[in-house]
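# Structural description and commentary
Here is what each chain is made of, one letter per residue.
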Amino acid sequence: MRSPVPRFRDVERQAGGQQPAQCLPPCHERQNNMWFIRDACGIVCAIITWFLVFFAEFVVLFLMLIPSKNLTYSLVNGTLFNSLAFLALASHFRAMCTDPGAVPKGNATKEYIESLQLKPGQVVYKCPKCSSIKPDRAHHCSVCKRCIRKMDHHCPWVNNCVGENNQKYFVLFTMYICLISLHTLVMVVFHFLYCFEDDWTKCSSFSPPATVILLILLCFEALLFLIFTSVMFGTQIHSICTDETGIEQLKKEERRWAKKTKWMNMKAVFGHPFSIAWFSPFSTPEHGKADPYQYVV
């Protein structure tokens, strides 16, 4: 029987009878509840993300809502804005601190391969960079220094890969940032109109020049992130519906997995069945237990 040709350049083929390289450090790592990538660029981007949300919070509250004479307007918009901000930051935290689907590092040992009980002609793929057996549809991330199952891309804004286990949180993060940006733009427009009609000294607790500068900065931030996150959200939804990750689309890899309906693909990412939990960053979708034979081709 003829063995398949390796699909990726960073993969070595190991037959069942061949001995792979020994792994250092220990092959089987303990499960860690906390996942955090020590990447300087990613940490800085994550801090900037939180800073920009808190900047928007400051301007919206202290420049637009608190000075407003309409209590109902302030309460409704304040509740909506803060709810979206809280959900966005919670989604960002979960996307950043959730294991995206990392393959156990250094598990390409002779003992483990023999435990798979490979049949003649079956092969497994070994990643030479992290000495792990590479499951189907996994890719190696040079920043995380791990192979990630169903890796879509590495996002510095969440300081993590977007993969099988945290794609839901990344999608929610882009969705809530998009909504909060749209809401902010609407409030900025209304506040500008209100200030033009009324005296600038009465529409804000800040001086007129400071008010204009802060509103322009907030408008620019909201517009920029509205465009960026709406495009990213649409891209992610399309990727989920077609069951094809960003890397697979970029490399134009041949589809070797079963085709499912768009609704089944959505449920695979957000959970079964459809419920309000789909929109909660505190609800963890069930992805099922890892099958040891997913490493085998």
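Here the structure is a predicted model, which means the values were calculated and not measured. By convention here, each chain's residues receive numbers from 1 onward along its written sequence. Whole-chain, interface and lining totals are the exception, using all residues; otherwise, since this is a predicted model, local features are given only for residues with pLDDT of at least 70 and side-chain atom pairs are given and counted only at 80 or more. Excluding hydrogens and water, the side-chain values take into account all heavy atoms of the structure.

Once that is clear, we can look at the overall build of the protein. Counting its regular elements, the protein contains seven helices and seven strands. Here the term buried applies to any residue with accessible area under 20% of the maximum for its type, exposed to any over 50%, and partly exposed to those in between, with areas from a 1.4 Å probe on protein chains only. Evaluated residue by residue, the protein yields a buried proportion of 46% over its 297 residues. Long-range pairs, those at least 24 residues apart, make up 72% of the contacts in the protein between residues at least 6 apart in sequence. To measure how exposed things are, a 1.4 Å probe is used in the Shrake-Rupley method; for residues, cover is taken only from the protein chains shown. Accessible surface for the protein amounts to roughly 16200 Å². Of this, 65% is attributable to carbon and sulfur atoms. A run of H or I in DSSP becomes a helix once it reaches four residues, and a run of E becomes a strand once it reaches two; helices and strands are each numbered from the N terminus. It only takes one pair of heavy atoms within 4.5 Å for two residues to be counted as in contact.

A few words now on the packing of aromatic side chains. A pair of aromatic rings is counted whenever rings of Phe, Tyr or Trp (Trp by its six-membered ring) have centres within 6.5 Å, and the orientation is called stacked for planes under 30 degrees apart, edge-to-face for over 60 and tilted otherwise. This structure, assessed with the given rule, holds nine aromatic pairs. Between F58 and F206, the ring centres sit 6.0 Å apart and the planes meet at 70 degrees, which makes this aromatic pair edge-to-face. Of the two residues, F58 is situated in helix α1 (residues 40-65) and F206 in the loop between α4 (167-197) and α5 (208-242); the sequence distance between them amounts to 148 residues. With a relative accessible area of 35%, F58 lands in the partly exposed category. Arranged with centres 6.3 Å apart and planes meeting at 90 degrees, the rings of F274 and F279 form a pair that is edge-to-face. Since its relative accessible area comes to 46%, F274 is described here as partly exposed. Given the relative accessible area of 37%, F279 is considered partly exposed. One aromatic cluster in this structure is built from W263, F270, F274, W278 and F279.

Our next topic: the pairing of strand β2 (residues 123-127). β2 sits mainly inside the fold: five of its five residues count as buried. Neither face of β2 is open: one carries V123, Y125 and C127, the other V124 and K126, and all of them are buried. Here a strand pair is declared whenever DSSP counts at least two bridges between the two strands. Summarising the sheet, β2 and strand β3 (residues 132-134) pair through three bridges and their orientation is antiparallel. Following the sheet pairing, K126 is matched in β3 by I133. Counting the residues between successive antiparallel strands, the hairpin from β2 to β3 contains four residues, one of them, S131, with a positive phi of roughly 55 degrees.

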